[in-house]
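Working through the structure, step by step
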Amino acid sequence: MRWFVALAFSLLSLSSQAHQLNAAVTTVLFNPRLGQLEIMHKFFVHDAEHALRHLHKEAGAAQQHGSVDLLQNEQNRAEFADYVATEFELQWLYADGSKAVSLTLVGAEVDGNNLWVYQEASPDNTAIGLKVRQNSLQQFWAKQVNLVNIERDGQVRSLQFRKGQSWQQLLF
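This is a predicted model, so every value here is computed, not measured.

Analysis parameters
Residues numbered from 1 in each chain as written. Predicted model: local features only at pLDDT ≥ 70, side-chain atom pairs only at ≥ 80, totals over all residues. Heavy atoms only, no water. Helix = DSSP H or I, 4+ residues; strand = E, 2+ residues; numbered from the N terminus. Expected span 1.5 Å × (residues − 1). Buried < 20%, exposed > 50% of the residue type's maximum accessible area, 1.4 Å probe, protein only. Polar contact = N/O pair within 3.5 Å; in protein donor to acceptor, adjacent residues only side chain to side chain. Pairing = 2+ DSSP bridges. Axes fitted to C-alpha atoms, helices over the stretch in contact; angles between N-to-C directions. Contact = heavy atoms within 4.5 Å. Parallel < 35°, antiparallel > 145°, perpendicular 65-115°, else oblique. Nonpolar A, V, L, I, M, F, W, Y, C, P; charged D, E, K, R; others polar. 1 Å grid on protein atoms, 1.4 Å probe; cavity = no way out; pocket = protein on both sides within 12 Å on 5 of 7 lines; lining within 4 Å. Points joined across faces, edges and corners; volume = space filled by probe spheres on them.

End to end, helix α4 (residues 74-87) covers 20 Å across 14 residues, agreeing with the expected 20 Å (1.5 Å per residue, within 8%). For α4, the complete set of buried residues consists of Asn-76, Arg-77, Glu-79, Phe-80, Ala-81, Tyr-83, Val-84 and Glu-87. A side-chain oxygen of the first residue of α4 lies 2.9 Å from the backbone nitrogen of Gln-75; this N-cap is Asn-73.

Take the sheet that holds strand β9 (residues 155-162) next. Strands sit in the order β5-β6-β2-β1-β8-β9 across an open sheet of 6 strands; the sheet is mixed. The open sheet is flanked by β5 (104-111) and β9, the only strands paired with a single partner. Averaged over all adjacent pairs, the angle separating strand axes in this sheet is 15°, with direction ignored. Examined bridge by bridge, strand β8 (residues 145-152) and β9 share 8 bridges and lie antiparallel to one another. Opposite Leu-147, over in β9, you have Gln-160 as the bridge partner. Across the sheet, helix α2 (residues 45-58) lies against β2 (36-44), β5 and β6 (114-121), angled at about 85° from β2, the strand it touches most.

Our focus in this paragraph is α2. Between the first and last C-alpha of α2 there are 20 Å, a value that for 14 residues agrees with the 20 Å anticipated at 1.5 Å per step. Within the span of α2, buried status applies to Val-45, Asp-47, Ala-48, Glu-49, Ala-51, Leu-52, Leu-55 and His-56. Gly-60 occupies a position one or two residues after α2 and carries a positive phi of about 70°.

Looking now at the sheet that holds strand β4 (residues 97-100). What the 4 strands build is an open sheet, ordered β4-β3-β7-β10; its pairing is antiparallel. Here the strands that pair on one side only, and so sit at the sheet edges, are β4 and β10 (167-171). Strand-to-strand twist of the sheet, defined as the mean angle between neighbouring strand axes without regard to direction, takes the value 30°. As paired strands, strand β3 (residues 88-94) and β4 are joined by 4 bridges and run antiparallel to one another. Bridge pairing links Leu-93 to Ser-98 in β4. Set on the sheet, α4 makes contact with β3 and β7 (129-134); between it and β3 the angle comes to about 35°.

Right, let's talk about the packing of α2 against α4 for a bit. Running from amino to carboxyl end, α2 crosses α4 at an angle of 85°, the nearest separation of the two axes being 10 Å. Classified by the angle between their axes, α2 and α4 sit roughly perpendicular to one another. Every residue of α4 that contacts α2 at Ala-48, Ala-51, Leu-52, Leu-55 and His-56 is listed here: Asn-76, Glu-79, Phe-80 and Tyr-83. A breakdown of the residues in the contact of α2 with α4 according to their chemical character gives 6 nonpolar, 2 polar and 1 charged.

In this structure, the largest pocket spans a volume of roughly 150 Å³. As for the largest pocket, its lining consists of Phe-30, Asn-31, Pro-32, Gly-35, Gln-36, Leu-37, Pro-123, Asn-125, Arg-152 and Asp-153. When contributions to the lining of the largest pocket are tallied by element, the ones reaching two or more residues are β1 (23-31) and β2. Of the residues assigned to the lining of the largest pocket, the class counts are 4 nonpolar, 4 polar and 2 charged.

Put into structure tokens, the structure is as follows:
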């Protein structure tokens, strides 16, 4: 019986710490069927709400905006999506340099415990690679890890961003 109680407390302890992983995943998908570059960012709702509260506080707008509720408040989702759009950038790589990718913010939606932020762009088939910056949430958590998966021609390649890492590049 003691081992069962010990196991139960261990599981409770793990579940309370389960969300202490500060991570986000971004997928950059070259979609030939639609002729688009699709970008999908996935965040935990709890992390996004926490970050948005900090952003409101920094802007001195906490009382003006009231409480943060990404599940019910479309304006809050739009604010967080705008924040992500400032923290994520792409550049096309060429043999002689690079050029910023013009990203269009499509929107954001909640799916269970996750908040999705969507962007898109026109692909450039003359580019030899991508330069990527994904710093979302890293100003709030020192251990924040942002994984960027780039899917092209049936292959997936990944970049991992930790605090202090700015730009990384990937050749096709």
